[in-house]
Amino acid sequence: MLSNHYPIKNIQEITGAAGTIVNDNTISTLLTDSRRISNASEGLFFALSGRRNGHEFIAEAYAAGVRNFVVKQQTEMRMPEANFLLVDDVLGALQKLAAYHRSRFNLEVIGITGSNGKTIVKEWLYQLLAADKNIVRNPKSYNSQIGVPLSVWQISEKDNLGIFEAGISTTAEMSKLEAIIKPTIGVLTHIGTAHDEGFKDRKEKVLEKLKLFTNSKLLIHNYDQLIDYKNEIPVENCFTWSTNFKEADLYVFTETVISRNYYLRAKYKEKEIECLLPFLDEASVENAIVCWATMLALGYTPVEADKRIERLSPVSMRLELKNGINNCSVIDDSYNSDVQSLEIALNFLNQQNQYPTRTLILSDIFQSGLQQDVLYRQVADMIKTKNINKFIGVGEALITHQEYFDVAEKHFYPDTNILLQQLKALNFVNETILIKGARSFEFERISQALTLKAHETVMEISLNALLNNLNFYKSKLKPGVKIMAMVKAFSYGSGTFEVANMLQYNKVDYLAVAYIDEGVALRQAGINLPVMVLNPEVSAFDKLIEYKLEPEIFSFNLLDEFIKYSQSHNLSNYPVHLKIDTGMHRLGFEEFEVEILCDLLEENRYIKVQSVFSHLAASDAKEHDAFTQKQIRRFERAYIKIEKALGYKVIRHIANTAAIIRWPSTHYDMVRLGIGLYGIDAATTAESNALQPIATLKTSVSQVRKVHANDTIGYNRNGKLKKDGKIATIRIGYADGYLRAFGNGVGQMLIKGNLVPTVGNISMDMCTLDVSNIDVREGDEVIVFNDEQTIEDLARQIDTIPYEILTNISQRVKRVYFYE
């Protein structure tokens, strides 16, 4: 019987590893992240080196129970029970092991690649084919050099179809993924601009992607996309589709919208066939056509393909974090339920520290391919390792297997309706609640019941984009340089604990806030990172000490007050940070004051200087580079004197976001990452795709009305149209942070992809747009800013800076956090 349980000695042979085996362990789980340890006793930890060196986290994994490691270098730490497999290339060993595992199974495998739509097509093919096949597939979008081997490792004897997506960002990557996936059938999705920067031209990118299909027997692709690459296609047997060329196997010649569905007619095998898609947007239509072509290529009849595609459900690829009732947070994953995505969602739940209770609401899991007894034992074990305090199971299968769940508080209900009837009795207070259910259970109703009601103006925050931006700046630092993340002003308007939890989980070294109450809020939300307070008030020293916050000391008066407080409260060696004014002239000790400061610091037992820092005034502006250099020299003179007076080394930092890119010589021991974390940094123009905007501000249309030329609109009768037309009233105003300066045509918003100008003054709660030239209805979505109309664009419209746009978004605008 084939399985993914391997004796550690077998893995040593497969990977060609050196090292001594001290325990004959069996391996079933591959681990790459010390924060996400499951099944530790059978886990094999790969110490990967990328933005962080995995060898630095071996001790953490060992403490979590892992006893088997693949490493490039031996550890000097004492771990007598551990097996260490020594290899030249840790990632290569992971890929080699996964490729060997794949080679043991003779199953049909669909390999998917492209620029866009890979994950959607994979998930839709799963929906379409799951009735006939036991399918193994990538969890979410695990399609990278690491994600693919972890996905393929899941193949077991019960599976008779694999569906794996593969993503690349540059050359010489796809061959490695092909060797692991070994697809027998290939699917090529849309080729767009994503990752263009990793290739010299579009042809190089297309040819690299086609390497996935080197040994495939069938390839499904858009005829139009490969028309210039016919001679380079590595597969003889192709099934093509097109909306332009009649010679394609599936020629789609008519597209019509019928009652919010997309109706397609096509020619296939000399006959007209039809398909009704439950989607209207262009990307979904193209992805659905790819699935239609794939089903036909696999031998499904046009009637059966149409019937199944008509029932396709939207794919929710992201977890949604929202404010809930009774001081709760709600993580909404209410459209998706399988074991792999459950583990991902539980890991995200474990990142949340804002409330003491972690709650899981879970439905029965369908189409797992496992016997129910095996499935629910596996789920129960997973839940136990993830420290769930409260478990609510919905469905007959969970009721049948409820004895497996070892949770302090647990409840079971046969269906969603009965749970909703009993919801108040469950007394949700101070909890982080993960809602995870199969679509048929309609768990979105539970989400609605537990989420705080708010008006329709929402700012969506992408935690994935935040993580991308953090990793980009990490990549610019030398090993050992720390990161202080600026989370002042509600994380530049983006949220407090939601952002801080992500930063803490991804191991930034310090956080910085403007005032003590901001630091207190972080501590109350479970954030235990060191927190520097930039502008501490003497009146709040009690709170500063109670919550273990670290003050910036910027003047003799503040230093004197803090030392007196320390004396009266018997404090010693309390951590503080000294601010040097090198030219910003806001806060800090000036250079001529440093000698006196050193005298006060010598043998002072009440404080311990953690860091010495300064603030660059114009690190992003080339015309002020000479002044920046002058600031750097002043800073270096100051910290040298201070370290000499103290007799010990301190953390030195002066680089802000722009200086991380423009002034690498100023990285010293730590950098302060601010606005760049949120996707804005003028210094990254040379790497235009490096940062991702993290925020989208959206609202909706309240009313549409016709107005005559010269009719006045809004307060003071300032708004007029030059000719008869239409206006739309929008649910956002200056109380939401859309400033009055945007009024009278200065500002623009996006409706259905069209930029439309404001008309008249901006009111407190609403404003009006000129929509004369587009079809608009009440309830339509309106984008204030996103990745198309950016925050920088809005700043230019009213001659301000992006900081002001972000931080002005008021607290009554609901923040919703997404994590894919």
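Residues numbered from 1 in each chain as written. Predicted model: local features only at pLDDT ≥ 70, side-chain atom pairs only at ≥ 80, totals over all residues. Heavy atoms only, no water.

1. Comments concerning the overall build of the protein chain
The line we're drawing: We count a stretch as a helix when DSSP gives it H or I for four or more residues in a row; a strand needs E for two or more, and each element gets its number in order from the N terminus. As defined in this context, the radius of gyration uses C-alpha atoms, and a globule is described by 2.2 Å times the residue total to the power 0.38. Burial here depends on accessible area, computed with a 1.4 Å probe over protein chains only, as a share of the maximum for the residue type. Under 20% is buried, over 50% is exposed, and the range in between is partly exposed. Contacts are assigned to residue pairs with any non-hydrogen atoms lying within 4.5 Å of each other. In these tables, accessible area is a Shrake-Rupley quantity obtained with a 1.4 Å probe, and a residue counts as shielded only by the protein chains included in the view. Two residue types count as positive, namely Lys and Arg, and two as negative, namely Asp and Glu; His and chain ends fall outside the count. To locate a charge, take atom NZ for lysine, CZ for arginine, CG for aspartate or CD for glutamate.
Within the protein chain, the regular secondary structure consists of 25 helices and 37 strands. Rg of the C-alpha trace for the protein chain: 29 Å, near the compact-globule value of 28 Å for 820 residues, within the 12% margin. Principal-axis analysis of the C-alpha atoms places the extent of the protein chain at approximately 90 × 85 × 60 Å. Counting over 820 residues, the protein chain shows a buried share of 56%. Intrachain contacts of the protein chain at a sequence separation of at least 6 include 64% that bridge at least 24 residues. When the accessible surface of the protein chain is totalled, it reaches about 35500 Å², and 46% of it is carbon and sulfur. A distance of 1 Å separates the average location of the 90 positive side-chain charges in the protein chain from that of its 100 negative side-chain charges.

2. A short note on the environment of L177
Tracing the sequence through the fold places L177 in helix α6 (residues 174-181). Measuring from C-alpha to C-alpha, the distance between L177 and N143 comes to 9.0 Å, with 34 residues separating the pair along the chain.

3. A word on α6
What counts is decided by this rule: The arc in question is the one spanned by the directions pointing from the helix axis to the C-beta atoms.
For α6, the set of buried residues is M174, L177, E178, I180 and I181. Down the axis of α6, the buried side of the element spans an arc of 165 degrees, and every buried residue falls inside it. Against α3 (90-103), β7 (108-113), α5 (147-152), β9 (161-165) and α7 (202-210) lie the buried residues of α6. Directly beyond the C-terminal end of α6, a positive phi value near 50 degrees is found at K182.

4. What to know about the side chain of Q789
The following threshold applies: In protein, a polar contact means a hydrogen-donor-capable atom and an acceptor-capable atom, both N or O and within 3.5 Å, with residues adjacent in sequence counting only if both atoms are side-chain atoms; elsewhere, any N or O pair within 3.5 Å suffices.
Tracing the backbone through its elements, the reader meets Q789 in the loop between β36 (781-785) and α24 (791-797). Among the polar contacts made by the side chain of Q789, one reaches the side chain of Q797 at a distance of 3.1 Å. Sequence-distant contacts of Q789, that is, excluding residues within four places in its chain, are made with Q748, M749, L750, L755, I783, V784, L794 and Q797.

5. What to know about the sheet that holds β7
As a reminder, the rule being used: Pairing between strands is defined by DSSP: at least two bridges between them are needed. Orientation is described by axes fitted as lines to C-alpha atoms, over the contacting stretch for helices, and by angles from 0 to 180 degrees between their N-to-C directions.
On the basis of which strands lie adjacent, the open sheet formed by nine strands has the order β8-β9-β7-β10-β11-β12-β13-β14-β15 and mixed pairing. If you trace the sheet from one side to the other, it starts and ends with β8 (135-137) and β15 (271-277), each paired once. Between one strand and the next, the sheet's axes are offset by a mean angle of 20 degrees, whatever the strand orientation. As judged from the seven bridges shared by strand β14 (residues 261-268) and β15, these two strands associate in the antiparallel manner. Across the sheet, residue L264 finds its bridge partner in β15, namely C275.

6. Things to note about empty space enclosed by the protein
Note the threshold: A cavity here means a set of 1 Å grid points, computed over protein atoms only, where a 1.4 Å probe fits but cannot escape. A pocket is an open set with protein on both sides within 12 Å along at least 5 of 7 lines, and lining residues have an atom within 4 Å of a point. Grid points are joined across faces, edges and corners, and a volume is the space filled by probe spheres set on the points. Gly falls in the polar group here, along with every residue not listed as nonpolar (Ala, Val, Leu, Ile, Met, Phe, Trp, Tyr, Cys, Pro) or charged (Asp, Glu, Lys, Arg).
Under the counting rule described, the total for this entry stands at two cavities of 30 Å³ or more. In this structure, the second largest cavity spans a volume of roughly 40 Å³. Considering the residues around the second largest cavity, the lining is formed by L697, G737, Y738, F742, V784, F785, L794, I805 and I809. Tallied by class, the residues present in the lining of the second largest cavity amount to eight nonpolar, one polar and no charged.

7. A closer look at the sheet that holds strand β23 (residues 482-486)
Read across the open sheet, the eight strands follow the order β29-β28-β27-β26-β25-β24-β23-β30; overall the sheet is parallel. The sheet terminates laterally at β29 (651-653) and β30 (670-673), the two strands that pair on one side only. The average undirected angle you get between the axes of adjacent strands in this sheet is 30 degrees.

8. A word on the nonpolar core
To keep things clear, this is the line we draw: Only buried residues count toward a nonpolar core, which is a set of Ala, Val, Leu, Ile, Met, Phe, Trp, Tyr and Cys residues joined through side-chain atoms within 4.5 Å.
Residues F405, L503, L511, I642 and F785 are the most contacted members of the largest nonpolar core, which totals 137 residues. For L503, the residues in contact, after removing those within four places along its chain, are L466, L470, A485, V487, V508, L511 and L677. Counting 42 residues, the second largest nonpolar core, distinct from the first, contains V121, I273, I289 and C291.

9. Here we look at the packing of aromatic side chains
Spelled out, the test is: Note on aromatic pairs: the rings of Phe, Tyr and Trp (six-membered ring only in Trp) are paired at centre separations within 6.5 Å, and the planes decide the class, stacked below 30 degrees, edge-to-face beyond 60, tilted for the rest.
Evaluation of the coordinates by the stated rule reveals 24 aromatic pairs. Arranged with centres 4.9 Å apart and planes meeting at 5 degrees, the rings of F348 and Y819 form a pair that is stacked. Of this pair, F348 sits in helix α10 (residues 339-351) while Y819 sits in strand β37 (residues 814-819); the two residues are 471 residues apart in sequence, bridging distant segments of the chain. No difference in accessibility class separates F348 from Y819, as the two residues are buried.

10. Here we look at unusual backbone geometry
The residue A172 is not glycine, and still its phi comes out positive at about 65 degrees. Along the chain, the position of A172 falls in the loop between β9 and α6. A residue is classified by how much of its surface remains accessible, and A172, at 53% relative accessible area, is exposed.

11. Describing the state of the cysteines
Our working definition: To count as a disulfide, a pair of cysteine sulfur atoms needs to be within 2.5 Å.
By the definition in use, this model includes zero disulfides. Summary of cysteine pairing: C275 is not part of a disulfide, and the nearest cysteine sulfur, belonging to C291, is at 9.8 Å. The exposure class of C275 is buried, given its relative accessible area of 1%.

12. A word on the pattern of salt bridges
The cut-off we apply is this: Should a side-chain nitrogen of Lys or Arg be within 4 Å of a carboxyl oxygen of Asp or Glu, the pair is scored as a salt bridge.
Under the counting rule described, the total for this entry stands at 37 salt bridges. Close ionic contact of E320 with K322 constitutes a salt bridge, the shortest N to O distance being 3.7 Å. The class for E320 is partly exposed, based on a relative accessible area of 21%. Here K322 falls in the buried class, since its relative accessible area comes to 9%. Shared partners join several salt bridges into a network, and the residues in it are K122, E123, R137 and E165.

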